[in-house]
Structures are given as structure tokens and as C-alpha cells.
Amino acid sequence: MSADLATYNFAYLDEQTKRMIRRAILKAIAIPGYQVPFASREMPMPYGWGTGGVQVTASIIGPEDVLKVIDQGADDTTNAVSIRAFFQKVADVAVTTHTKDATIIQTRHRIPEQKLTEGQVLVYQVPIPEPLRFLEPRETETRKMHALEEYGLMHVKLYEDIAINGRISKTYAYPVKVDGRYVMDPSPTPKFDNPKMHMSDALQLFGAGREKRIYAVPPHTEVVSLDFEDYPFEIQTFEQDCALCGAHGVYLDEVVLDDKGGRMFVCSDTDHCEDRREHGHVGAMLAPNQEAAE
Amino acid sequence: MYVAVKGGEAAISNAHRLLADRRRGDRSLPSITIDQVAEQLGLAVDRVMAEASLYDRSLAALAVRQSRGDLIEAIFLLRAYRTTLPRFGSSVPLDTAEMQVERRVSATYKDLPGGQLLGPTFDYTHRLLDPSLLSDEAVEEPARRNAGDEQIMRVSDILAHEGLIEADGELPQDHQAGDLTREPMEFPMSRDLRLQALARGDEGFLLALGYSTQRGYGRNHPFVGEIRIGEVEVEMDVPELGFAVSLGHIRVTECQMVNQFKGSSKAPPQFTRGYGLVFGQSERKSMSMSLVDRALRAEELGEDITAPAQDEEFVISHSDNVQATGFVEHLKLPHYVDFQAELAMVRRMRADIEGARDGETEMKDAAE
């Protein structure tokens, strides 16, 4: 057995593979919302843990890029830490937790609160790229439905939701229509984040490794959440403000404090929360300490 | 007071340190060597090579040791290594008729040219725990005989002489065997890609599906035409030389399942075949593979598709254990953002229902 098993290329993937993935990305950008099949590679992390996002990031990252990786909006969730460490190891790139400093942001389940700007790329990790999958399990069928723009089934499902529950009960992975043509799965982000996708200045790339699909929303592209005239799309609202930074109108995590029903709500986007606190914003939980210190 | 969770990096590093400790186990015991794994847990190594699609006993043994004996984890390790290797080309098709056979059995003939060779099999062992294996007792050398000159002809060739069995089938001269690790998968698949998917598919999954066909879910009346295990030569055409050069020998298990077939609008009555070929020694896998291969030919042979084992998209989409384990186990990753969204939704819906109920009670009270 050879002593050194392998030396890996910059960003792990070989250049041939990167070119193949870039071609898929270019096609995806050219046809917004269309799922481009690509020859997904086996990655050194498990399927379902971001192999699609990692392959997209590995194909577009260069030595001068600054990478941010989040999971559930946080930079220090274990899988985000692991993916960030992977790119530090195989690509030796600069990493950051600051949204505004990053050129590439790989994410799972959230879009940062801070508005993304031109030149930034948001890479989503996607488990099931097919928005119609929960209605029709067969790929051969769903591809046909997209080709024929046959989305009636989806509207029927949303209608049934209203008929049964009085509202559309989809709270995350809420389907959107991109550029007036393809219905797309925004990945399991809460629907709270859907409006951020619309006319974004940043490029949005979606990688599904296990399902071997890449899709994209180019900058300044219409992304409309599906709804009805009498039941318009709504995002989640929170009664509370962030207990740490006092932010309002952001997505909050509910944190259990004790076994007596004690709860607090804090920003899901940890960078946003830290940034606000640095700038002197204080939430209810930190306020008493503030006073004590004065 | 609540402090936002920090320190994922340290936690991960400590977890991996603990994993290494548990892998090594009791330090007073000698560490197991790669050679010991390869020699004494050879069938585990075979399974890892087969489902990782990489024939390298040492690396597979390393993977088994590194994974603490978790074979799907070992398969994953070896695949993640395989994916980085350059592809030089394709070998010429293996000629299993030329196999150096160590085991060969046929259930369709009492005796046949080349004979029935039992080889190193668990068959007919009584499954009684063997106390002699608790210690390191000397093991007898195996009985040996000189290999005869007689070619051990394949059962499919015997049946072919009578014209009772379907032929191997033809492929165009310029056909390039597909590779699903390099191209996106599309349904319906060609049979070469389907066989590749089955050859690297999960042994347990294929076993269960093969079993289901026997129990009536897509029954296909199978007979084991032949199972053979042994070494075959791998050759590759080198365009500059104009002839094939030998790359070496590999051990494979081949199963030819012969299936009774009454004929359909697409094919006349004849014996049809299901095929299984697996790296190393694994009869269970190669037999299951050939049952499922035959079941998946339902469309081609004009049979009704009524059972899971006949459904190509269902079988192939779910046969890969590295994909399956990744996606099932990803459920343990944090999902609290989505859970929060669902929590809020359920609370709202319950509030609506309670509101409506209170409303009804009030109406009732007012009416009384």
C-alpha cells in the first residue's frame, strides 16, 4: 500500500470535475429555476450533509475568496464548522462569520438577515430539489410536469390545505415560481426568507448532491411565492424581539430555559445578532446587566 | 443566563479524539493489523470492495479497521477515496468462462462438465459455535488437487446449445459502458448502468428485494443455473499497442439465474436470465443481484409491472447504502429553524380551534 494515499487538488475536486460542475451552473443560471442534472461526485462527507453545496462551492471558489458557512443561520453549528474547516483544509481560503465580508456564503436552512449585495454568491445545500416530489415520487413524471409547465397539482395541494386547515400550512421549503416559468424548491429555509430571494443583488446557487441536481436564481430575478389572490402569501411574524439584541422583524429561535415553560427568543442569524450588539443594541435579557454595569 | 452556544470546533475535535480512543479499545490488547483484517475478516473486506466499487484489499481492510467494523462506514470511506482517482479507461469484458474456479455449483444439473466444486463454503456447516476458535489452535492445511485441463463451461453455454435460453444479447461495436459515478443518472436506465448500480447496491436491500420476488411480489421462477467463484484476468486494450495487456487477477462471484418464462407479446417462451457479478466472494449478494436484475427486466420482456422489485426507479434510487445512510442520518443535524416554523404553525392552528370552540360554548350559553 502506498504511504501517502492521495494529494488533493485545490478545493478537493479535480479540475475536470469542477469544469463539469461549472457548466451545469452556467446552464442553471441561463434557465432560472430549472434543475440541471450533473454528475455529482462522492464527497468525503455524507450525502444529505451538504455534498451538493460543497461541490458547488468547491467549483466556484478561488484563493482570493472569503467564505462564510452557516447552518440554521449560525456560523458555529457543528456541520457549518465542519464544512468551513473542510475548505480551510483543502483550499486554504480566508473565512469569516461576517455576512458583509463574505464573497461566498454556503448555507443550510437560512438566508442571512443582512441584505446581500452584488458580487456575493449564496450557495444553498438542498436535500430534495424537486418541489413536486411530495406530490409525485417519480422523477420521470415530475420532469415531464416541469417541461409542460403543468403545475396544477401544486395549486390543488395548496387549495386543499386552505380547505382543510384554513391556511396554507407549508412553513418551510415553500414553493416559489422563478422568472415566471419554473416552480422551484427554495430548499428547507423557512418561508420567512422567501422574499429575500426576490430580485436579490446576489447570485443564488442550489446544489443537491445525492439527487444530482444544480439550479440557480441569477441576480435581479423575480422569485414569487405561490399563493392565491384571496389567500396571499404571508411570512412568519414574531411577537417578541430578540432577547439579546432587541432586533425586530428577524427570524428567531426559541430557546428552552427550564422545565417550567420558560422560553426566550433569540436571533437565528448569529452574525446579525452579534453585529447589532457590537453596535450597542440591547435586548431584554441583557438590559438589566447593562444597568448594573453603569 | 442563556449564552449562545459556542465552541462547535472544540466539541468536534474532542469527539473525534474520543472516537479514536474507542476505535483502539483496550490498550493492553495488541492492535489489529491491516493484514489480519484482510486475511481473517476477508468476507467483510470483500463486501466493502464490492459496494465501494474499488478492488483493493489493503485499502478496504484499512477502511474496515478505521470504521471499527461498521461496513457501510467502511464502504463510504473507500468510495470517497475512489472518487478522487483518475480514470484511465475501461477493461475489456471479463471472460468468466476462463475463470480459475475455486467454487462452482449448479442447481439445474446433477453433474456437468467441470463438475460441482464446493470450495470454501458455509453451506452444510452446522451452525454450532466452535469453542476451538476461542483459542488459537492450529488449522489443517486444505486438501489440494491439480487443476485439470478441462474448461469449466458455463451452464448458460450448455443451455444455449439447445437454443432454449436467451442469448447474451448484442451491443453496438462502439458501445461505451456507462458509469453512473461519472454521469448523472436518468430513467429508464440502460442495462449496463443498471447492473453497475446493482453491483454496488446494498447487500441487505437487494437480498430483501430478491426475497420478495420469491414470495410472490414479482415472481420470476428462478433456478440457480450456476454460481462460480474464482479468479479472472483483467485486461485492458492499449491503443498504442493494438492488443490487450493484462492488469492482473481479481476474485469475483458470478451468478447466472435461469428463469422459466412462458412468453409474452414481446418474447417467445424460453429460459430467461438474471445476472449477478460481485467483487470477492459473496454468493448472497450475487444471487440477490441476479434475482433483482431479472425482475427489473419486466418491461423489456413484456411482463406486468406489479411489484417493488420490478420498479426500476424505486429499486435503483434506493439501493445505494451510502446515499441512504447519509440522508437518513442527516435527520440528526439541527433542524430547529424549520421546527420553529412548524411549532408556530401548530400553535396558531390550535388557537384557532380553541377560539372556535370557546365561541360555540358562548353561543350555547347565550341560547340557554
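Residues numbered from 1 in each chain as written. Chains lettered and ligands numbered in written order. Predicted model: local features only at pLDDT ≥ 70, side-chain atom pairs only at ≥ 80, totals over all residues. Heavy atoms only, no water.

Looking only at helices and strands, chain A has 8 helices and 12 strands in total. Principal-axis analysis of the C-alpha atoms gives chain A an extent of 60 × 60 × 40 Å. A burial count over chain A gives 56% of its 294 residues as buried. A separation threshold of at least 6 residues defines the contact pool for chain A, and within that pool the share at least 24 residues apart is 61%. For chain A, the exposed area adds up to about 12500 Å²; of that, 52% sits on carbon and sulfur atoms. Taken together, the 31 basic and 44 acidic charged side chains of chain A have centroids lying 7 Å from each other. (Helix = DSSP H or I, 4+ residues; strand = E, 2+ residues; numbered from the N terminus. Buried < 20%, exposed > 50% of the residue type's maximum accessible area, 1.4 Å probe, protein only. Contact = heavy atoms within 4.5 Å. Areas by Shrake-Rupley, 256 points an atom, 1.4 Å probe, with all protein chains shown as cover. Lys, Arg positive; Asp, Glu negative; His and termini not counted. Charge placed at Lys NZ, Arg CZ, Asp CG, Glu CD.)

With that settled, consider the state of the cysteines. Residue and element names in this part refer to chain A. Counting across every chain of the model gives 0 disulfides over all chains. Not engaged in a disulfide, the cysteine Cys 245 finds its nearest cysteine sulfur in Cys 267; these two sulfurs lie 3.6 Å apart. With relative accessibility at 5%, the residue Cys 267 sits in the buried group. (Disulfide = S-S within 2.5 Å.)

Here we take up the domain arrangement of chain B. Residues and elements named next belong to chain B. In terms of domains, chain B is made up of domain 1 (9-82) and domain 2 (96-121 + 149-320). The C-alpha-based centres of domain 1 and domain 2 are spaced at 29 Å. Residue-level contacts link 13 residues of domain 1 with 15 residues of domain 2. Here domain 1 and domain 2 share an interface that buries about 1100 Å² over both sides, 47% of which is from carbon and sulfur atoms. Across the domain 1-domain 2 interface, the total number found is 3 salt bridges. (Domains from an automatic or database assignment. Buried area = accessible area lost by both parts, 1.4 Å probe. Salt bridge = Lys/Arg side-chain N within 4 Å of Asp/Glu carboxyl O.)

The next point concerns the interface of chain B and chain A. Listed as interface residues are 49 residues of chain B and, on the opposing side, 68 residues of chain A. Overall, the association of chain B and chain A removes approximately 4900 Å² of surface from exposure, summing both partners, and the carbon and sulfur fraction of that is 59%. Applying the counting criterion to the chain B and chain A interface returns 5 salt bridges. Notably, a salt bridge pairs Arg200(B) with Glu42(A), separated by 3.7 Å at the nearest N-O pair. There are 20 residue pairs in polar contact (both at pLDDT 80 or more) connecting chain B and chain A. (Polar contact = N/O pair within 3.5 Å; in protein donor to acceptor, adjacent residues only side chain to side chain.)

What follows covers the sheet that holds strand 2 (residues 66-71) of chain A. Residue and element names in this part refer to chain A. Taken in spatial order, the 7 strands line up as 1-9-8-5-4-2-3 in an open sheet, and their pairing is mixed. For this open sheet the edge positions go to strand 1 (36-37) and strand 3 (94-95), each flanked by a neighbour on one side alone. Here 2 bridges tie strand 2 to strand 3, and the two strands are oriented parallel to one another. Each residue of the ladder has a partner; that of Leu 67, found in strand 3, is Val 95. Each of strand 1, strand 8 (203-208) and strand 9 (213-217) is contacted by helix 1 (residues 15-30), which is oriented at about 45° to strand 9, the strand it contacts most. (Pairing = 2+ DSSP bridges. Axes fitted to C-alpha atoms, helices over the stretch in contact; angles between N-to-C directions.)

The next subject is the nonpolar core. One finds Ile21(A), Val54(A), Leu67(A), Phe86(A), Phe87(A), Leu205(A) and Ile214(A) to be the most contacted residues of the largest nonpolar core, which totals 46 residues. Among the elements that line this core, the one with the most residues is helix 3 (residues 78-91) of chain A, at 6 residues. (Core = buried A, V, L, I, M, F, W, Y, C linked by side-chain atoms within 4.5 Å.)

This next bit is on the pattern of salt bridges. One pass over the structure, following the stated rule, counts 45 salt bridges over all chains. A salt bridge links Lys115(A) to Asp201(A); its shortest N-O distance comes to 3.1 Å. On the criterion of sequence distance, the pair formed by Lys115(A) in the loop between strand 4 (104-108) and strand 5 (121-125) and Asp201(A) in the loop between helix 6 (194-197) and strand 8 is long-range, its members being 86 residues apart. Arg79(B) is the salt-bridge partner of Asp320(B), the closest N and O atoms lying 2.9 Å from each other. Here Asp320(B) is found in the loop between helix 11 (312-318) and helix 12 (321-329), whereas its partner Arg79(B) is found in helix 5 (residues 71-82), with 241 residues between them in sequence. As far as burial versus exposure is concerned, Asp320(B) and Arg79(B) are alike and both buried. What emerges from the salt-bridge pattern is a single network uniting Glu42(A), Arg79(B), Arg200(B) and Asp320(B).

Residue and element names in this part refer to chain B. One way to put it is that helix 3 (residues 42-52) packs onto helix 4 (residues 57-66) with a least axis distance of 9 Å and a crossing angle of 105°. Judged by the inter-axis angle, helix 3 sits roughly perpendicular to helix 4. Across the interface between the two elements, Gly 42, Ala 44, Val 45, Asp 46, Val 48 and Met 49 from helix 3 touch Arg 57, Ala 60, Ala 61 and Val 64 from helix 4. When the residues that make up the contact of helix 3 with helix 4 are grouped by side-chain class, the tally is 7 nonpolar, 1 polar and 2 charged. (Parallel < 35°, antiparallel > 145°, perpendicular 65-115°, else oblique. Nonpolar A, V, L, I, M, F, W, Y, C, P; charged D, E, K, R; others polar.)

With that out of the way, let us pick up the environment of Pro175(A). Residue and element names in this part refer to chain A. Following the sequence through the fold, Pro 175 ends up in the loop between helix 5 (152-165) and strand 6 (176-178). For Pro 175, a relative accessible area of 2% translates into the label buried. Excluding residues within four positions of it along the chain, Pro 175 makes contact with Met 154, Lys 170, Val 183, Met 184, Pro 186, Val 224, Ser 225 and Leu 226.

This part covers unusual backbone geometry. Negative phi values dominate among residues other than glycine, just as trans dominates among peptide bonds. Here Phe187(B) and Pro188(B) are connected by a cis peptide whose omega angle stands at -5°. Here Pro188(B) shows up in the loop between helix 6 (155-161) and helix 7 (191-199). If you check the backbone angles, Met199(A) has positive phi at about 55° while not being a glycine. By the element assignment, Met199(A) lies in the loop between helix 6 and strand 8. A positive phi angle, close to 65°, is found at Tyr124(B), a residue other than glycine. Along the chain, the position of Tyr124(B) falls in the loop between strand 1 (100-105) and helix 6. When its relative accessible area of 66% is taken as the criterion, Tyr124(B) is described as exposed.

Residues and elements named next belong to chain A. With 16 residues, helix 1 should reach 22 Å at 1.5 Å per residue; the first-to-last C-alpha distance of 22 Å fits that figure. Among the residues making up helix 1, those that are buried are Thr 17, Lys 18, Met 20, Ile 21, Ala 24, Ile 25 and Ala 28. All buried residues of helix 1 fall inside an arc of 160° around its axis, so they share one side. Counted as exposed and oriented over 90 degrees from the buried face of helix 1: Gln 16, Arg 23, Leu 26 and Ala 30. (Expected span 1.5 Å × (residues − 1). Arc of directions from axis to C-beta.)

With that settled, the discussion passes to the packing of helix 4 of chain B against helix 5 of chain B. The angle between the axes and the distance between the axes are what describe a pair of packed helices. All names here are of chain B. Two elements in contact, helix 4 and helix 5, have axes separated by 8 Å at closest approach and are oriented at 130°. Put simply, helix 4 runs oblique to helix 5. Seen along the crossing, helix 4 lies across helix 5 with a hand that is right-handed. Touching Leu 59, Ala 60, Ala 63, Val 64 and Gln 66 of helix 4 are Leu 71, Ala 74, Leu 77, Leu 78 and Tyr 81, all from helix 5. Each residue belonging to the contact of helix 4 with helix 5 can be placed in one class, and the counts come to 9 nonpolar, 1 polar and no charged. (Left-handed = near helix turned anticlockwise from the far one by under 90°.)

With that out of the way, let us pick up helix 3 of chain A. Helix length check: helix 3 of chain A, at 14 residues, gives a terminal C-alpha distance of 20 Å against a target of 20 Å (1.5 Å per residue), a fit within 8%. Those residues of helix 3 of chain A lying buried are Asn79(A), Ala80(A), Val81(A), Ile83(A), Arg84(A), Phe86(A), Phe87(A), Val90(A) and Ala91(A). In this structure, the buried side of helix 3 of chain A is in contact with helix 2 (51-60), strand 2, strand 3, strand 4 and strand 5 of chain A together with helix 1 (8-24) of chain B. In the stretch just after helix 3 of chain A, Asp92(A) is the one whose phi turns positive, near 50°.

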